[in-house]
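One-letter residues, chain by chain:
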Amino acid sequence: MFDWNDLRFFLELQRSGRLLTAARRLNTTHATVARHIEAIEKSLGTALFVQHAQGYEMTPAGEALLKHAEAMENVALLAQEEITQSTAPLGKIRVGVTEGLGIMFLASRMGGLFERYPGLEVELVAVPRFVSILNREAEISIHLERPAADMLVTRKLTDYRLALYASRAYLDGAPPLRSREDLGRHAWIGYVDDLLFSQELMFLNSFCRNPRVVFHSTSVIAQQQAARSGLGIAVLPCYMAASDPELVPLLPDESIERSYWISTRRELHKSVRLRVVWDYVVSLCEAERGLLRG
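Since this is a predicted model, take the numbers as computed values, not measurements.

Student: Teacher, can you tell me more about the side chain of Thr32 here?
Tutor: In this fold, Thr32 is placed in helix 3 (residues 30-44). Taking the relative accessible area as the measure of exposure, Thr32 reaches 15% and is therefore buried. At 2.8 Å, the side chain of Thr32 and the side chain of Thr29 are in polar contact.

Below you can see the structure in the form of structure tokens.
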């Protein structure tokens, strides 16, 4: 069995992509990092990384090991948390998140976190825009596109599904809606195009080539309320609309899938209070995968 301590070097090389950078973060030499990686590879009998001009990239074996290495790291951090923070407050952590997920999903599901960690304080910044962790607007950010910055630790949080919804009152007074071809005859609710904070929100044309949009809003919650009032058809996340008694799902075969990504700055990734919140949100989305994916 390989030395568990070697996993620290494996994780740091995976996160930094370069021996020198990993060595600097671990306060050691690049030769030491390479020696620990070679030790794991020898024990497992397979290569974990392939070296390119741009740095080190994981092999399929490395990707398989990664989830276990991160789980072991999490257990160690939480063990430290259980022992050292049992009598002292954890402190404050700020989470920036898109409006729909923050208000309509996360806010009502945070109770379990505070039951386990009563000293924790969370600031949920749920707004219809991108919350920057590089500019220190938050310690954790959940957004619609995968950030490309090297100084971030990022993973996919969850996929989620969006579908078509309208009120019964709207449908009673609107043209028949039996197939995709009928959508062009209907009124639509959508975003303000020149104020979109993500290209992932440009999805109306995925359903209708020339939608007649009668109501625009930067807020997905405002769009939901407009649909409830009978203004037209809205494209809404299923986790928001599926349980709304005022909304009727339309054309069940017509839907699209998008993803949420969760990120933090590399220097914060090992913070105990950050990892407590990070792991809770990740596990929550895994547990609610059926709701999120419609």
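Student: What exactly am I supposed to notice about the nonpolar core here?
Tutor: In summary, soluble globular proteins display a tendency toward joint burial of nonpolar side chains. Judged by nonpolar contacts, the single largest core of 68 residues is most densely connected at Leu101, Ile142, Leu157, Leu164, Leu183, Trp188 and Ile233. Per-element accounting of this core gives the leading share, 10 residues, to helix 10 (residues 272-287). In this structure Leu157 touches Leu101, Ile142, Tyr260, Trp261, Ile262, Val281, Val282 and Cys285, once residues within four positions along its chain are discounted. Within the second largest apolar cluster, 19 residues are counted, among which are Phe9, Leu26, Met58 and Leu65.

Student: Teacher, can you tell me more about the UniProt feature "domain: HTH lysR-type" (unreviewed entry) in the protein here?
Tutor: Under the feature "domain: HTH lysR-type" (unreviewed entry), the UniProt entry names residues 2-59. The span residues 2-59 is 59% helix and 14% strand, and its two end C-alpha atoms sit 18 Å from each other.

Student: Help me understand a nonpolar patch on the surface, please; the structure alone is not making it clear to me.
Tutor: On the surface, a nonpolar cluster with roughly 420 Å² of combined accessible area is contributed by Met1, Trp4 and Met72. Residue position: Trp4 is located in the segment before helix 1 (6-16). Under the relative-accessibility criterion, Trp4 is labelled exposed at 54%.

Student: I'm lost on the sheet that holds strand 9 (residues 233-237) in this one. Help?
Tutor: Two orientations exist for strands paired in a sheet by backbone hydrogen bonds: parallel and antiparallel. The eight strands are arranged 4-3-5-10-6-9-7-8 in an open sheet whose pairing can be described as mixed. Lying at the two open borders of the sheet, with one neighbouring strand each, are strand 4 (120-127) and strand 8 (212-216). Here the strands of the sheet are splayed against their neighbours by 30 degrees on average, with no regard to which way each runs. As paired strands, strand 5 (residues 140-143) and strand 10 (residues 247-265) are joined by four bridges and run antiparallel to one another. Across the sheet, the residue bridging to Ile142 is Ile262, located in strand 10. Its contacts with the sheet place helix 8 (residues 220-228) against strand 6 (152-167), strand 7 (187-190), strand 8, strand 9 and strand 10, and it is angled at close to 135 degrees to strand 9. The sheet contacts of helix 10 involve strand 3 (91-98), strand 4, strand 5, strand 6 and strand 10, and relative to strand 6 the element is tilted by about 40 degrees.

Student: Explanation requested: the packing of aromatic side chains in the structure shown.
Tutor: Here a ring pair, both rings aromatic, is described through the centre-centre distance and the interplanar angle of the planes. All chains considered together, the criterion is met by six aromatic pairs. Measuring from centroid to centroid gives 6.2 Å for Tyr191 and Phe203, while their planes differ by 70 degrees, and the two rings are edge-to-face. Taken as a pair, Tyr191 in the loop between strand 7 and strand 8 and Phe203 in the loop between strand 7 and strand 8 lie far apart in primary sequence, 12 residues in all. In terms of burial, Tyr191 and Phe203 fall into one category: buried. What links up through ring pairs into an aromatic cluster is the set Phe105, Tyr160, Tyr239 and Tyr260.

Student: Any chance you could explain the pattern of salt bridges here in plain terms?
Tutor: Scanning the model with the defined rule gives 12 salt bridges in all. One salt bridge in this structure joins Glu288 and Arg109, with 3.3 Å as the shortest N-O distance. Placement of Glu288 in the loop between helix 10 and helix 11 (289-292) and of Arg109 in the loop between helix 5 (99-106) and helix 6 (111-116) is noted, with a sequence separation of 179 residues between them. One salt-bridge network, held together by shared partners, links Arg15, Glu73 and Arg275.

Student: Explain the packing of helix 2 (residues 19-26) against helix 3 to me, please; I cannot follow it from the model alone.
Tutor: A pair of packed helices is characterised by two quantities: the angle between their axes and the separation of those axes. One can describe the packing of helix 2 onto helix 3 by two numbers: an axis separation of 8 Å at closest approach and a directional angle of 100 degrees. By the criterion of interaxial angle, the relationship of helix 2 to helix 3 is roughly perpendicular. Between helix 2 and helix 3, the residues in contact are Leu19, Leu20, Ala22, Ala23 and Leu26 and His30, Val33 and Ala34, respectively. In the contact of helix 2 with helix 3, the residues fall into seven nonpolar, one polar and no charged.

The rules behind these values
Residues numbered from 1 in each chain as written. Predicted model: local features only at pLDDT ≥ 70, side-chain atom pairs only at ≥ 80, totals over all residues. Heavy atoms only, no water. Helix = DSSP H or I, 4+ residues; strand = E, 2+ residues; numbered from the N terminus. Buried < 20%, exposed > 50% of the residue type's maximum accessible area, 1.4 Å probe, protein only. Polar contact = N/O pair within 3.5 Å; in protein donor to acceptor, adjacent residues only side chain to side chain. Core = buried A, V, L, I, M, F, W, Y, C linked by side-chain atoms within 4.5 Å. Contact = heavy atoms within 4.5 Å. UniProt positions renumbered as here; feature names shortened; annotations may be inferred. Patch = residues over 30% accessible without salt bridge, like charges linked within 9 Å, V, L, I, M, F, W, Y side chains within 5 Å. Areas by Shrake-Rupley, 256 points an atom, 1.4 Å probe, with all protein chains shown as cover. Salt bridge = Lys/Arg side-chain N within 4 Å of Asp/Glu carboxyl O. Pairing = 2+ DSSP bridges. Axes fitted to C-alpha atoms, helices over the stretch in contact; angles between N-to-C directions. Phe/Tyr/Trp six-rings, centres within 6.5 Å; stacked < 30°, edge-to-face > 60°. Parallel < 35°, antiparallel > 145°, perpendicular 65-115°, else oblique. Nonpolar A, V, L, I, M, F, W, Y, C, P; charged D, E, K, R; others polar.

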